[in-house]
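Topology and contacts: notes
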Amino acid sequence: MSKKKSKAPSTGGIVYSTDPDWTPQAESLEVETLPAAQQRLRIEYSRAGRAGKEALIIRGFVGSDSDLTDLARQLKQSLGCGGSTRDGEILIQQNNKEKLIKLLQSKGYKDTK
(Lines give C-alpha, C1' and ligand atoms only; values in the text may rest on other atoms or scores of the structure.)
Protein backbone atom coordinates (compact mmCIF):
# COMPACT_ATOMS: atom_id res chain seq x y z
CA MET A 1 0.00 0.00 0.00
CA SER A 2 1.19 3.50 -0.67
CA LYS A 3 1.52 6.09 2.03
CA LYS A 4 -1.15 8.75 2.18
CA LYS A 5 0.32 12.11 1.28
CA SER A 6 -1.23 15.15 2.87
CA LYS A 7 -1.03 18.63 1.44
CA ALA A 8 -0.39 20.16 4.88
CA PRO A 9 3.23 20.83 5.81
CA SER A 10 4.79 18.04 7.84
CA THR A 11 5.61 18.84 11.44
CA GLY A 12 7.88 15.85 11.93
CA GLY A 13 5.52 14.22 14.42
CA ILE A 14 5.24 17.35 16.62
CA VAL A 15 1.67 17.97 17.73
CA TYR A 16 2.19 20.84 20.14
CA SER A 17 5.16 22.99 21.15
CA THR A 18 5.56 25.45 23.99
CA ASP A 19 8.24 27.33 22.04
CA PRO A 20 6.53 30.39 20.48
CA ASP A 21 9.23 30.70 17.79
CA TRP A 22 9.01 27.07 16.60
CA THR A 23 8.29 26.48 12.92
CA PRO A 24 8.24 23.15 11.07
CA GLN A 25 11.36 22.26 9.07
CA ALA A 26 10.95 21.68 5.35
CA GLU A 27 11.70 18.08 4.36
CA SER A 28 14.17 17.40 1.61
CA LEU A 29 12.38 15.02 -0.80
CA GLU A 30 15.02 14.99 -3.54
CA VAL A 31 17.74 12.41 -3.09
CA GLU A 32 21.02 13.18 -4.82
CA THR A 33 22.03 10.42 -7.22
CA LEU A 34 25.43 8.91 -6.57
CA PRO A 35 27.82 8.53 -9.52
CA ALA A 36 27.67 5.13 -11.23
CA ALA A 37 31.12 4.12 -9.95
CA GLN A 38 29.99 4.59 -6.33
CA GLN A 39 26.73 2.64 -6.70
CA ARG A 40 26.57 -0.87 -5.25
CA LEU A 41 23.90 -2.74 -7.21
CA ARG A 42 22.80 -6.27 -6.37
CA ILE A 43 20.91 -8.51 -8.77
CA GLU A 44 18.74 -11.35 -7.56
CA TYR A 45 16.63 -13.94 -9.34
CA SER A 46 12.98 -14.27 -8.37
CA ARG A 47 9.90 -16.24 -9.41
CA ALA A 48 7.80 -15.55 -6.33
CA GLY A 49 4.48 -13.82 -6.92
CA ARG A 50 4.81 -13.89 -10.71
CA ALA A 51 2.94 -17.10 -11.58
CA GLY A 52 6.23 -18.92 -12.15
CA LYS A 53 7.67 -16.35 -14.55
CA GLU A 54 11.34 -15.49 -14.15
CA ALA A 55 12.54 -12.02 -13.25
CA LEU A 56 15.71 -10.27 -12.11
CA ILE A 57 15.47 -7.63 -9.41
CA ILE A 58 18.13 -4.92 -9.16
CA ARG A 59 18.47 -3.45 -5.66
CA GLY A 60 20.75 -0.90 -4.05
CA PHE A 61 20.28 2.09 -6.37
CA VAL A 62 20.81 5.37 -4.51
CA GLY A 63 19.27 8.32 -6.27
CA SER A 64 16.13 10.03 -7.46
CA ASP A 65 13.14 8.20 -8.88
CA SER A 66 13.58 9.85 -12.28
CA ASP A 67 17.17 8.57 -12.54
CA LEU A 68 16.01 5.10 -11.51
CA THR A 69 13.30 5.18 -14.18
CA ASP A 70 15.82 6.33 -16.82
CA LEU A 71 18.22 3.51 -15.94
CA ALA A 72 15.40 0.96 -16.08
CA ARG A 73 14.29 2.26 -19.48
CA GLN A 74 17.83 2.01 -20.87
CA LEU A 75 18.26 -1.53 -19.53
CA LYS A 76 14.93 -2.71 -20.92
CA GLN A 77 15.71 -1.26 -24.35
CA SER A 78 19.19 -2.79 -24.43
CA LEU A 79 17.98 -6.22 -23.32
CA GLY A 80 14.78 -6.16 -25.38
CA CYS A 81 12.51 -7.11 -22.50
CA GLY A 82 9.89 -5.67 -20.19
CA GLY A 83 10.10 -4.55 -16.61
CA SER A 84 9.16 -1.89 -14.11
CA THR A 85 10.42 0.20 -11.19
CA ARG A 86 8.94 0.16 -7.72
CA ASP A 87 10.18 1.12 -4.23
CA GLY A 88 13.73 1.83 -5.40
CA GLU A 89 14.03 -1.48 -7.27
CA ILE A 90 14.20 -2.33 -10.96
CA LEU A 91 12.40 -5.46 -12.12
CA ILE A 92 13.62 -6.95 -15.41
CA GLN A 93 11.44 -9.66 -16.98
CA GLN A 94 14.29 -11.83 -18.17
CA ASN A 95 16.68 -14.44 -16.79
CA ASN A 96 20.06 -13.53 -18.29
CA LYS A 97 22.04 -12.31 -15.30
CA GLU A 98 25.46 -12.40 -17.02
CA LYS A 99 24.28 -10.18 -19.86
CA LEU A 100 22.68 -7.74 -17.39
CA ILE A 101 25.88 -7.55 -15.30
CA LYS A 102 27.98 -6.83 -18.40
CA LEU A 103 25.53 -4.14 -19.50
CA LEU A 104 25.58 -2.44 -16.07
CA GLN A 105 29.37 -2.59 -15.92
CA SER A 106 29.61 -1.00 -19.37
CA LYS A 107 27.44 1.86 -18.03
CA GLY A 108 29.93 2.44 -15.18
CA TYR A 109 28.34 0.43 -12.36
CA LYS A 110 31.53 -1.42 -11.39
CA ASP A 111 30.45 -2.95 -8.05
CA THR A 112 27.64 -5.09 -9.43
CA LYS A 113 26.96 -8.69 -8.45
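Residues numbered from 1 in each chain as written. Predicted model: local features only at pLDDT ≥ 70, side-chain atom pairs only at ≥ 80, totals over all residues. Heavy atoms only, no water.

With 4 bridges joining them, strand β3 (residues 83-86) and strand β4 (residues 89-92) adopt antiparallel strand pairing. Within β4, the position partnered with glycine 83 by the bridge is isoleucine 92. The antiparallel hairpin formed by β3 and β4 contains 2 residues in its connecting segment, where aspartate 87 sits at a positive phi of about 55°. (Pairing = 2+ DSSP bridges. Helix = DSSP H or I, 4+ residues; strand = E, 2+ residues; numbered from the N terminus.)

Moving on, we get to the environment of lysine 53. Among the secondary structure elements, lysine 53 is positioned in the loop between β1 (40-46) and β2 (55-59). Note on lysine 53: relative accessible area 58%, which makes it exposed. Separated by 40 residues in the primary sequence, lysine 53 and glutamine 93 place their C-alpha atoms 8.1 Å from one another. Filtering out sequence-adjacent residues up to four positions away, lysine 53 remains in contact with Ser46 and Arg47. (Buried < 20%, exposed > 50% of the residue type's maximum accessible area, 1.4 Å probe, protein only. Contact = heavy atoms within 4.5 Å.)

Moving on: helix α1 (residues 65-79). Compared with the 21 Å implied by 1.5 Å per residue over 15 residues, the 21 Å span of α1 between its first and last C-alpha is a close match. Lining the buried residues of α1 we find β2, β3, β4 and α2 (97-106). Phi for glycine 80, located one or two positions after α1, is positive at around 70°. (Expected span 1.5 Å × (residues − 1).)

Taken N-terminus to C-terminus, the directions of α1 and α2 make an angle of 125°; their axes are 11 Å apart at the nearest point. In terms of axis orientation, α1 runs oblique to α2. Crossing hand, α1 versus α2: right-handed. The segment α1 lies against α2, with Leu71, Leu75, Ser78 and Leu79 engaging Lys99, Leu100, Leu103 and Leu104. Grouping the constituent residues of the contact of α1 with α2 by class yields 6 nonpolar, 1 polar and 1 charged. (Axes fitted to C-alpha atoms, helices over the stretch in contact; angles between N-to-C directions. Parallel < 35°, antiparallel > 145°, perpendicular 65-115°, else oblique. Left-handed = near helix turned anticlockwise from the far one by under 90°. Nonpolar A, V, L, I, M, F, W, Y, C, P; charged D, E, K, R; others polar.)

Quick look at the pattern of salt bridges now. In total, this model carries 5 salt bridges according to the counting rule given. Measuring nitrogen to oxygen at the nearest pair gives 3.8 Å for the salt bridge that ties arginine 40 to aspartate 111. Residue arginine 40 is located in strand β1, and its partner aspartate 111 is located in strand β5 (residues 111-112); the two are separated by 71 residues in the primary sequence. Measuring nitrogen to oxygen at the nearest pair gives 3.8 Å for the salt bridge that ties arginine 42 to aspartate 111. Here aspartate 111 lies in strand β5 and arginine 42 lies in strand β1, a separation of 69 residues in the sequence. Note on arginine 42: relative accessible area 26%, which makes it partly exposed. (Salt bridge = Lys/Arg side-chain N within 4 Å of Asp/Glu carboxyl O.)

Let's shift gears to the environment of leucine 68. Residue placement: leucine 68 occurs in helix α1. With 20 residues separating them along the chain, leucine 68 and glycine 88 place their C-alpha atoms 7.3 Å apart. When sequence neighbours within four positions are dropped, the list of residues in contact with leucine 68 reads Phe61, Thr85, Gly88, Glu89 and Ile90.

Interpretation in functional terms is not warranted from these geometric data alone.
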